[in-house]
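One letter stands for each residue in the lines below.
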Amino acid sequence: MSVLQRARVALWGAPPPGKAERTLLLKIDWFILSFCCLAYFCNYLDRSNINNAYVSGMKEDLNMHGNEITKIGTVFTCGYIAGMIPNNIALLLLPPRFWFPFTILAWGVLTLATHTVTSVSQIYVIRFFQGFFEASSFVGTHYILGAWYTESELAKRSGIFTASGLAGTLFSGLLQSSIHKRMNGLRGLAGWRWLFIIDFSITLPVALYGFIFFPDTPATTKAFYLSAREKALAVSRLPPRPATKLSRTIFVRVLGRWHFWLFTTLWAITGEVESFSTNNLFGLYLASTGRPIAARNNWPMGVSAVGIVATLATAAYVDAAPGRHWHVGVFCAGVGVLSAALVKVYRPEALVFVGYYIAGAVYSTQAAFFAWANVVCAADNEERAIVLASMNLASNAVNAWWAIVFYSADFAPRFTRGMWAMVGVSIALAGWTMGVRWFQRRDEARAAAGETEGEMGTETGSGTGSKDSTAGG
């Protein structure tokens, strides 16, 4: 095997042995992964633009003061929480090829509407409903990826998907900086208003692409570019899954297993270890220390760049051998403690920059942990959808008040209270991650011994639903 081929396997995984499956995987990657990545790119582009607009003139034009930008983020989070369960139920009841593009179009139109606002109260309303429709993207995509890809393929694809969102954040800063320089005042509109118009023009074609090409799930796909043989292969190449359905038994199936409780809490904790980056503390730091607009938009892009590299690297690491998901959690817990310590020291300023930049590595938990939940819950389709949704719901429910209590804009530039909170949740992340792994190994041992012990009267598919994953653990 040549060096190029070895690099390809390390970064993308070994190709399937049969030509038919290789062709199918190529089509899945091209149509599913490309749409999901483009959609998530637009999701983060349309989500992060408010922070770029705030440091690029919106604050002054709308006479914003205090922690109103933090409140805008909280209102968005409330809409996101409100939309999470309805959106995921919609994916179970309606064809994803219709629902996904519809929600993209909806949040794109709301992004466009933001360029007309004249008060912060109007932004509150728009961002609530934008959050509601954007809730379909992250968890819904992880659900779809888990339906199409095998365990050895999933983490890398999840990593690429997550990285596309970070690319959207990175591009938003670059776009706002360029717009402010070249279009500020064009046709009587401030540069920050043009940002929302251009973001909509990028989002619209992605929605149209999804309406035409997105293939639903393997069992229901009607994609015109897949032959009947490829549709059958898409189902048969995955591990057998017991027939389950959305019924009243779902409450017992979900609440009677540890998956729901431990993964939901895991991501609630992890979401706050991500909070340095998701709440744009670096941008607020730069604004509060009087940096120019170009610096406020451009310098935080390095956080997203670190996140992209870390996400792709850890995804390749996880896929290289089963059972490695938890390693990412322990690593990121260490990063969280270190980044908080560097920012808390505060001077010399170079340490603050290093602290904020390395915090971007915590983004890698997104791909690792949602791939982990997909693997563990693979045997029950409906449970998998609910667990994935509950993870994101819990994280956003905590962040809705966490950002105000610990990272309010008027706490800049030092965020002292937030630094101590970061140390606490980072330590909690390490311990909880190892606890989840302990339960997973216990179920694997039971499955290997042929046990069929029930939990709360049901234990259908409580193991990983896939191959043994004790290696690397």
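Residues numbered from 1 in each chain as written. Predicted model: local features only at pLDDT ≥ 70, side-chain atom pairs only at ≥ 80, totals over all residues. Heavy atoms only, no water.

Focus: a nonpolar patch on the surface
Phase 1: Judged by side-chain polarity, Phe98, Phe102, Leu105, Val109, Leu204, Leu208, Phe211, Ile212 and Phe224 come together as a nonpolar surface patch covering roughly 820 Å² of accessible area.
Phase 2: Where the nonpolar patch is concerned, the elements lending two or more residues are helix H4 (96-113) and helix H8 (191-213).
Phase 3: Within the secondary structure layout, Leu208 lies in helix H8.
Phase 4: For Leu208, a relative accessible area of 48% translates into the label partly exposed. (Patch = residues over 30% accessible without salt bridge, like charges linked within 9 Å, V, L, I, M, F, W, Y side chains within 5 Å. Areas by Shrake-Rupley, 256 points an atom, 1.4 Å probe, with all protein chains shown as cover. Salt bridge = Lys/Arg side-chain N within 4 Å of Asp/Glu carboxyl O. Helix = DSSP H or I, 4+ residues; strand = E, 2+ residues; numbered from the N terminus. Buried < 20%, exposed > 50% of the residue type's maximum accessible area, 1.4 Å probe, protein only.)

Some remarks on the confidence of the model for the chain
Phase 1: Confidence in the prediction of the chain, expressed as mean pLDDT, is 86, and 92% of residues score 70 or more.
Phase 2: The low-confidence segment residues 452-473, where pLDDT is below 50, has 63 contacts with residues more than four positions distant or belonging to other chains. (pLDDT = per-residue confidence, 0-100. Contact = heavy atoms within 4.5 Å.)

A look at the pattern of salt bridges
Phase 1: Enumeration according to the criterion identifies 14 salt bridges in this entry.
Phase 2: The salt bridge involving Arg291 is made with Glu349; its shortest N-O contact spans 2.8 Å. Taken as a pair, Arg291 in the loop between helix H13 (281-288) and helix H14 (293-298) and Glu349 in helix H17 (residues 349-358) lie far apart in primary sequence, 58 residues in all.
Phase 3: For Arg291, a relative accessible area of 17% corresponds to the buried category.
Phase 4: Via salt bridges that share partners, Arg253, Arg257, Asp380, Glu382 and Glu383 belong to a single interconnected network.

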